[in-house]
Structures are given as structure tokens and as C-alpha cells.
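# Chain and residue survey
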Amino acid sequence: MGRYFLSKLIQSLVLLFGVLFLVFMMVRVTGDPAALMLSRNASPEQLEALREEMGFNDPALVQFKHYITGAILGDFGNSLHFKTPALPLVLERLPATVQLASVGMLMAIIIGIPIGLVGGFTPGSVVDSIGRFLALIGQSVPNFWLGLMMILFLGVRLGWFPTFGRDSWNSVVMPAFVLGLPVMGQLVRLTRSAVLEIRGEDFIRTAHSKGLEPRTIYLKHVLRNVAIPLVSVIGVQFGYMLGGSIYIEAIFAWPGMGGLLAQSIGWRDFPLIQAIAVFTSLIVLLLNLLTDLAYSIIDPRIRYGR
Amino acid sequence: MSIILQVKDLVTKFYTLDGVVNAVNGVSFELNEGETLAIVGESGSGKSVTMMSLLGLIPMPPGKIESGSASFNSEEGLCDLLQLSPEEMRDIRGGQIGFVFQDPISTLNPILTIGEQISETLIRHKGLSKEQAREQTIKLLSQVGIPDPELRYKAYPFQFSGGMRQRVVIAIAIACTPKIIIADEPTTALDVTVQAQIIELFKELRDALGVAVIWITHDLGVVAGIAERVLVMYGGRPVEIAQVMDIYKDPKHPYTLGLLRALPSLEAKESKRLKSIKGTPPDLLIPFKHCPFASRCDYAFDRCWEEIPPLISVGEQHQAACFFDLEEGGPRHD
Ligand SMILES: Nc1ncnc2c1ncn2[C@@H]1O[C@H](COP(=O)(O)OP(=O)(O)O)[C@@H](O)[C@H]1O
Ligand SMILES: [Mg+2]
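Residues numbered from 1 in each chain as written. Chains lettered and ligands numbered in written order. Predicted model: local features only at pLDDT ≥ 70, side-chain atom pairs only at ≥ 80, totals over all residues. Heavy atoms only, no water.

### Section: the overall build of chain B
Definition in use: Secondary structure follows DSSP: runs of H or I at least 4 residues long count as helices, runs of E at least 2 residues long count as strands, and numbering of each begins at the N terminus. Two things to know: the radius of gyration comes from C-alpha atoms, and the globule rule equals 2.2 Å times the number of residues to the power 0.38. Any two residues whose heavy atoms approach within 4.5 Å are treated as being in contact. Each accessible area is a Shrake-Rupley result for a 1.4 Å probe, and residues are judged covered by the shown protein chains and nothing else.
Looking only at helices and strands, one finds nine helices and 14 strands in chain B. For chain B, whose C-alpha radius of gyration is 21 Å, the value lies close to the compact-globule estimate of 20 Å for 334 residues. Within chain B, contacts between residues separated by at least 24 positions form 63% of all contacts whose residues are at least 6 apart in sequence. Here chain B has roughly 14900 Å² of accessible surface; of this, 52% comes from carbon and sulfur atoms.

So, in C-alpha cells, the structure goes:
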């Protein structure tokens, strides 16, 4: 258990270092970073001043050392647009992003898994048909279209939910639903097929041959095995949701990190982009670590390295 | 000797998209207290479906038990297994009739400890507390020959070899001291030396517990060492029932003879080659109007293609379903 977790931790650290390196390279191999950061009609003096300020004139290794020590201390330099340190700007947006992703994931889990379970235990039933329809919708309807339709009908016509911003308690409902729907569909499908598969396993027949009550068999023998694939999908998808809701945040004017990322790309605010990229990666890596932990708690084969 | 289980005219079918699979077509047999009955037949001859029908383990749908009865002398008295309510059946399953399946790799839940998987049977049927069940389980583990039972209680199936896993499955089957153990090809998935150990263990436990055993196998070779009587099945039907020695020395059905000739034997001369039965097992999607074995039989004559031979008495405690008299070398006169 300890060894398994330690190896995962080391893996994550190596990956994090890789991300830092990639972000560092991206800014520097795509041309003259100073020219990229400033507008096209900047004077040579302005360019030179920026290079000096950002340290682009130093040897690459020195730059990298500065960059890494900065990153470790949470210092990604000043945002070019806001002229204030980049990381606090990112952290400011964090609660909105976490709220959106968590509510979206919660909706997906609370709706998707029960429907998938019922579908798996009673294939062909009404709930199963609803579930399969939901899975289809979730994976085929484009989220920007769904977002606009929800704004139009639930927001404007019916007035149930605010159409933009994050000012009222129910502002989160529509964007979170749009964000969560594909995952909901995926969870329905995955849960259903996992239940069907596990129910057909030999060890379930063994459980029946022991005379156990069906309820015991479902809870103890089926569900725990079904949880294994679900945990990994939920972990991966939650990472995506935390990192990549640029469209949805834009449509609903949600003040999260995705919106900030879109803006900072427009501004060519490299320090800010770097801070967002590294910070998001850090979240995803942490989440993967948590997923692995949950995984190893449920599945002893993982825990014992098999 | 009293009869503990009497099965009569069991018929089980599967209604699949390809058509109706006639898996079991009128199986009758009886099992005496403490006796070991071997059920032998090629793969697909309906051995497993017969046993699972008796215990309500057939997936329904597509499966359906069309007719038959199975009177079982249970702790509560005589009852027909096929007429029990699901609750009553669950009390018998695992409690009074234990089951050992073929593949020990897949028959244990991979994410529960083996101790848990044994003790849940005890808790279900014996009403033991968790702690009592634990103690009992540790005793069972040492009884089936698993070293360090206290330590192994907490182990998971993947930490066991195939043979050790089968011992765990056997421990589950005997946990509640059942009256019958049904062992469905319990050694088929194991290698030969382990096979012998498991058979040895089975015999020990059987004699110690006085339990009746139904030993299913497709290998007539292992039967002599363990069973008292043999039921040979073909195409979902019993084709011969006899004392184990009569099966080897005096088989009355050409199919049994074929199975025997396919066995390697110690007395046989080096040059004699093993003969497997020609042809393939019958297509169970087509209901039979004639002897199901006729197309593969060296002795088939016109009558075999006209009607299904019934199981008739051909000697003391010996029945066979064949129109041909192997001893006389001609059609049987009756
Ligand atoms: N769930 C099922 N659906 C359809 N056919 C089945 C099912 N289970 C078993 N059968 C069929 O029943 C026949 C007998 O199978 P089985 O009893 O498992 O044979 P064996 O003698 O090898 O144990 C086979 O033809 C098999 O294909
Ligand atoms: Mg079988």
C-alpha cells in the first residue's frame, strides 16, 4: 500500500516537472517571446526593455533555474495585462471553477449512476431506455448549443435560472448541467455495462450457490466490483472538468479559470498562461493521485501490486 | 441405504435467439445417502445444466425448466426442489447442498478476502456472529489443507494458486455440513498433480462428513477412484447408469465404450492407439426423433433411426438406452 502510493507520488512529481519544462519551452521555442508578448508595432527599445525585465537575455539554464525556483515558490512573475502577480489572479478564480466542476460532477454521479444501475439490473426496462437515451444525448449534443438552448428556454422564457454570472445561488445549475451531461451519459453507459458484466461472472453464480440473499449479492459482490471502473472514469473526467470548461464558462459568463485562460491567450499574457497551465496540471495530478488511492482501497489487486 | 435425492424426467430448455436449445431432455437418477455418483459425458452433454436446474441456478430467461421433479430428503423432510419458493431454495443452497464449480480462478470474488467469502455462508445459514464465523472458517481452512489458516483468512484469491483456490471453494461447499455436494468438473482446470491432490482431499472429506457427492466430469479416467456409480450422459439424456466396475468391465452403450477406448490405459500395448469417438456432439437446437448417438455409432441399424431408445434394465443395477446388444453382437430382443 505505502510502496504503491509512494511510486504513484514519484510518478506525479516527474510528470509535474515535465509539465513545467514543456510550458517553459513553449514560450521560448515559438519565436522571440518578447515579440510574442508585445503588439506588432512595439519599438525595438520596448522589446529590449521587456527582454531585460523577463530575463530572456540570460543563458537558458539560468532562465530555467529562475523559472523552476519561481514555480516552486508560486511565483510565475507579473501578469502583463494586470501588472500584478499571476498566481493570485488564478487562485481568485479557483472557487468558481471548483464549484462549477463539483456541481457538474455531482449531478452526473447522482443522476447517471443510479440510472445505469437500474438499467444493468433490468435491461430493457423503461428506466433502461431513458438511460440509454440520456447516454446518447450526453455524448452527441454539442455543449455550446445545449448551453444556448437552456439560456433561451429555462433562462429567458421561463426565468427559472439566471442566464449569466455567478451572483445567485442557482446561477451554477445551468452551466454545471451542461458541463456534467456528457459525463452523466458516460456514467450511465459504463455503470450499465459493468453491472451486466459483473452479474454474469462466475463468482456471482458462486454467491447465489451459497444461498445469499439477492440484496447481499448486489451490494457486496456486484456493486463493489462495479465501482472499480467508475472510480477511474470519475477521476479522469473531474480533472477535465476542472481544467477545460472554456466554452461553457464563456457562454454563461462564469468567472472561472477557463474564462481567464481564454482572456489571457487573447492578451498574450504569457506569465498568466503559464500560471494557469502549471496550476491546472497540478490539480489534475493531485486528482489522479486521489483516484489511484481510491482505486487501491476498493481493489486489493492494485494495493498488492498485481 | 436411503435415497437422498431422486430426480425424475428433468427437462430444461433455453429459448435463445438462434432457437430452442434442448439442453436436458429427460434426466432421471437417484442418489443414496453418503454415495458418490459420477456424471460423465462430453462437454455440452447437459451435465452442468442438469445440476444448476436442480438448484435454481439457471438464468431465466433464457432458461426454462419444462418438467420433472427432484425430491430431496431435506432437514425439514421430503421436498421437491423444483417446486420450492426462491426463499426456500436459498435456505437449501449452500446450507444443505454445497456446490463446487469448475474454474477456481473465476469462481471467487477477486476483491473480497477468502475468509470473508467462506464466513458469509456460515453467517447466512448457521446464524453465527462474525467472530464465531471467523473461528469456524479458520477451522475449515485447515480442514481443507490450507497452511497458516489464520494468516490466510485475510488473503485475497489472487494470492492463491489454482489448487489452493479450489480448496477454498471446497471449504465454502462443506462449510455448513451439507447433505450433498455437487462438484462440477472440480479438477478440470487444474494440472495433473494438483488434480490428484484435490481428488484425495475430496475423498477424505466425503468419508469424514458422510456426505453424498455428485461428481461431474468429462473424463471417465478419474471416475474409478472416487465414484460408486456412474451416469453417462449424451445429448442431454442419460444413456447408461451402472456400478462403476460394470461401466469399465461391461459397458452396454456404444457411447460408453467409445469413452473407454479414448482413455489411455496401463495394460494397453504401446502400439495400440487411442481412439476418440468420430463425429461431433449433437446439435441441441434440433429435437431428436431417433437415437441422438446414431450418427456417430458403429453399431447403428435401422431401428436406431426410427425411435429414441428408452433406458432399460440390462443387468443388476445396470441400465442402458440402446437397441444394440454389444455382447450378442446384434439387435437386442425385448
Ligand atoms: N445460458 C444458456 N443459454 C443458452 N444455452 C445454454 C446456456 N447454458 C447452457 N446452454 C447449452 O446447454 C447445453 C448443455 O450445456 P452444459 O450443461 O453446460 O454442458 P456440460 O455437459 O458440458 O456441462 C449446451 O449446448 C449449452 O450450449
Ligand atoms: Mg459443464
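### Regarding the overall build of chain A
To keep things clear, this is the line we draw: Classification of residues uses two cut-offs on accessible area relative to the type maximum, computed with a 1.4 Å probe and protein chains only: under 20% is buried, over 50% is exposed, and between them is partly exposed. The positive count covers Lys and Arg only, the negative count covers Asp and Glu only, and His and the chain ends enter neither. For charged residues, the charge sits on one atom: NZ in Lys, CZ in Arg, CG in Asp, CD in Glu.
Summing up its helical and strand segments, chain A has 14 helices and zero strands in all. Its C-alpha atoms give chain A principal-axis dimensions of about 85 × 55 × 30 Å. Burial status across chain A gives 44% buried among its 306 residues. A separation of at least 24 residues holds for 72% of the contacts in chain A among residues at least 6 apart in sequence. Total accessible area on chain A stands at roughly 15800 Å², and carbon and sulfur atoms take up 69% of it. Charged side chains in chain A number 23 positive and 18 negative. The centres of these two groups are separated by 13 Å.

### With respect to the pairing of strand E9 (residues 229-234) of chain B
The side chains of a regular strand alternate, residue by residue, between the two faces of the sheet. Selection rule: In this analysis, strands are considered paired if DSSP registers two or more bridges between them.
Of all six residues making up E9 of chain B, six are buried, and the element is well covered by its neighbours. Two successive antiparallel strands, E9 of chain B and strand E10 (residues 237-243) of chain B, enclose a turn made up of two residues, where Gly 235 of chain B displays a positive phi of approximately 55 degrees.

### Overview of the nonpolar core
Heads up, the rule is: Here, nonpolar core refers to any group of buried Ala, Val, Leu, Ile, Met, Phe, Trp, Tyr and Cys residues whose side-chain atoms link them within 4.5 Å.
By size, the foremost hydrophobic cluster in this structure holds 64 residues, and its most contacted members are Tyr 67, Val 90 and Leu 187 of chain A. Residues Ala 133, Val 168, Ile 199 and Val 213 of chain B belong to the second largest nonpolar core, which totals 63 residues.

### Observations concerning the packing of helix H5 (residues 86-121) of chain A against helix H10 (residues 214-243) of chain A
All names here are of chain A. Rules: Between N-to-C directions, angles cover 0 to 180 degrees, with each direction set by a line fitted to C-alpha atoms, over the stretch in contact for helices. What sets the label is the angle itself: under 35 degrees gives roughly parallel, over 145 gives roughly antiparallel, 65 to 115 gives roughly perpendicular, and the rest give oblique. Handedness of a crossing is defined here by the sense of rotation of the near helix relative to the far one, left-handed for an anticlockwise turn of less than a right angle and right-handed for a clockwise turn. Classification convention: Asp, Glu, Lys, Arg as charged; Ala, Val, Leu, Ile, Met, Phe, Trp, Tyr, Cys, Pro as nonpolar; all other residues, Gly among them, as polar.
It is the contact of H5 with H10, at a shortest axis distance of 11 Å, that shows an interaxial angle of 150 degrees. Classified by the angle between their axes, H5 and H10 sit roughly antiparallel to one another. The interaxial crossing formed by H5 with H10 has right-handed handedness. From H5, Thr 97, Val 98, Ala 101, Ser 102, Gly 104, Met 105, Ile 109, Ile 113, Leu 117 and Phe 121 reach across to H10, where they touch Tyr 218, Val 222, Leu 223, Leu 230, Ile 234, Gln 237, Phe 238, Met 241 and Leu 242. Here the contact of H5 with H10 is built from residues that sort into 15 nonpolar, four polar and no charged.

### Quick look at the sheet that holds strand E8 (residues 212-217) of chain B
All names here are of chain B. A sheet is described by the order of its strands in space; here eight strands give the open sequence E6-E7-E8-E3-E9-E10-E12-E11, paired in mixed fashion. Every other strand in the sheet has two partners, leaving strand E6 (97-100) and strand E11 (312-315) as the edge strands with one partner each. Each strand axis lies, on average, 20 degrees off the axis of its neighbour in the sheet, ignoring direction. With four bridges connecting them, strand E3 (residues 36-40) and E9 associate as parallel partners. Pairing of Leu 37 across the sheet is with Arg 229, part of E9. Across the face of the sheet, helix H1 (residues 47-54) comes into contact with E3, E6, strand E7 (180-184), E8 and E9 while running at roughly 145 degrees to E8.

### Concerning the packing of aromatic side chains
Residue and element names in this part refer to chain A. Cut-off, in case you're wondering: Whether two aromatic rings pair depends on their centres lying within 6.5 Å, for rings of Phe, Tyr and Trp, where Trp uses its six-membered ring; planes under 30 degrees apart make the pair stacked, over 60 edge-to-face, and the rest tilted.
Inspection of the entire model under this criterion finds 15 aromatic pairs over all chains. Their ring planes at 50 degrees and their centres at 4.3 Å tell us that Phe 121 and Tyr 218 sit as a pair that is tilted. One end of the pair, Phe 121, is in helix H5; the other, Tyr 218, is in helix H10, and 97 residues separate them in sequence. Under the relative-accessibility criterion, Tyr 218 is labelled partly exposed at 31%. An aromatic cluster is present here, built from Phe 17, Phe 21, Phe 24, Phe 64 and Tyr 67 joined pairwise through their rings.

### Focus: the domain arrangement of chain B
Residues and elements named next belong to chain B. To be explicit about the condition: Either an automatic procedure or a domain database provided the assignment from which the domain bounds are taken. Put simply, buried area is the surface a 1.4 Å probe can reach on two separate parts but cannot reach once they are joined, added for both. We count a salt bridge whenever a side-chain nitrogen from Lys or Arg sits within 4 Å of a carboxyl oxygen from Asp or Glu.
Splitting chain B by domain gives domain 1 (1-96 + 179-334) and domain 2 (107-175). Taken residue by residue, the interface counts 15 residues in domain 1 and 12 residues in domain 2. Interface of domain 1 and domain 2: buried area, both sides summed, is about 1100 Å²; carbon and sulfur atoms make up 67% of it. Looking at the side of domain 1 facing domain 2, the largest losses of area belong to Ile 198, Leu 201 and Leu 205, adding up to 36% of the total buried there. On the surface where domain 1 and domain 2 come into contact, there are one salt bridge. For the salt bridge of Arg 124 with Asp 91, the shortest nitrogen-to-oxygen distance reads 2.9 Å.

### A look at the environment of Thr 177 of chain B
Residues and elements named next belong to chain B. Following the sequence through the fold, Thr 177 ends up in the loop between helix H6 (162-174) and E7. Given a relative accessible area of 46%, Thr 177 falls into the partly exposed group. Thr 177 sits 119 residues away from Ile 58 along the chain, and the two C-alpha atoms are 24 Å apart. Those residues in contact with Thr 177 that lie beyond four places of it in its chain are Gly 95, Lys 126 and Leu 209.

### Some thoughts on H6 of chain B
Residue and element names in this part refer to chain B. In plain terms, the rule: By this rule the span expected of a helix is its residue count minus one, scaled by 1.5 Å.
For H6, which comprises 13 residues, the first-to-last C-alpha distance of 19 Å matches the rise-based estimate of 18 Å (1.5 Å per residue) to within 8%. When H6 is considered as a whole, its buried residues turn out to be Gly 163, Arg 165, Gln 166, Arg 167, Val 168, Val 169, Ile 170, Ala 171, Ile 172, Ala 173 and Ile 174. Against the buried residues of H6 lie E6, helix H3 (114-126), helix H4 (130-143), E7 and helix H7 (192-209).

### Remarks on the sheet that holds strand E5 (residues 77-80) of chain B
Residue and element names in this part refer to chain B. Spatially, E2-E1-E4-E5 is the arrangement adopted by the four strands of the open sheet, whose pairing is antiparallel. Strands at the two margins of the open sheet, each flanked by one partner only, are strand E2 (19-32) and E5. Ignoring strand direction, the axes of neighbouring strands in this sheet form an average angle of 5 degrees. Strand direction decides the pairing type here: strand E1 (residues 3-16) and E2, joined by 11 bridges, are antiparallel. If you follow Lys 13 over to E2, its bridge partner there is Asn 22. Against the sheet, H1 engages E1, E2 and strand E4 (63-74), with an angle of about 110 degrees to E1.

### Observations concerning the packing of helix H1 (residues 2-29) of chain A against helix H13 (residues 270-298) of chain A
Residue and element names in this part refer to chain A. Remark: H1 packs on H13, axes separated minimally by 10 Å, with the N-to-C direction vectors making an angle of 165 degrees. Classed by the angle they form, the pair H1 and H13 counts as roughly antiparallel. The handedness of the crossing between H1 and H13 is right-handed. Between H1 and H13, the contacting residues are Tyr 4, Phe 5, Lys 8, Leu 9, Ser 12, Leu 15, Leu 16, Val 19, Leu 20, Val 23, Val 27 and Arg 28 on the first element and Phe 270, Gln 274, Ala 277, Val 278, Ser 281, Leu 282, Leu 285, Leu 289, Asp 292, Leu 293 and Ser 296 on the second. Looking at the contact of H1 with H13, its residues break down into 16 nonpolar, four polar and three charged.

### Considering the interface of chain B and chain A
Our working rule: By the criterion applied in these results, polar contacts are pairs of N or O atoms within 3.5 Å in which, for protein atoms, one can donate a hydrogen and the other can accept it, and in which residues neighboring in sequence qualify only through two side-chain atoms.
The partner chain A presents 23 residues to the 24 residues of chain B that form the contact. Regarding the contact of chain B and chain A, the summed buried area is about 2300 Å², with carbon and sulfur atoms giving 57% of it. Considering only the side of chain B, the residues that lose the most area to chain A are Ile 111, Glu 120 and Phe 158 of chain B, jointly responsible for 29% of the buried surface there. Between the two partners, chain B and chain A, sit five salt bridges. Among the ionic pairs, Glu 120 of chain B bridges to Lys 210 of chain A, the shortest N-O distance being 2.8 Å. Where chain B touches chain A, the interface holds 15 residue pairs in polar contact (both at pLDDT 80 or more). Ranked by residue count, the leading element in the side of chain B that touches chain A is H3 of chain B, at six residues. Of the residues in the side of chain B that touches chain A, the class split is 11 nonpolar, eight polar and five charged.

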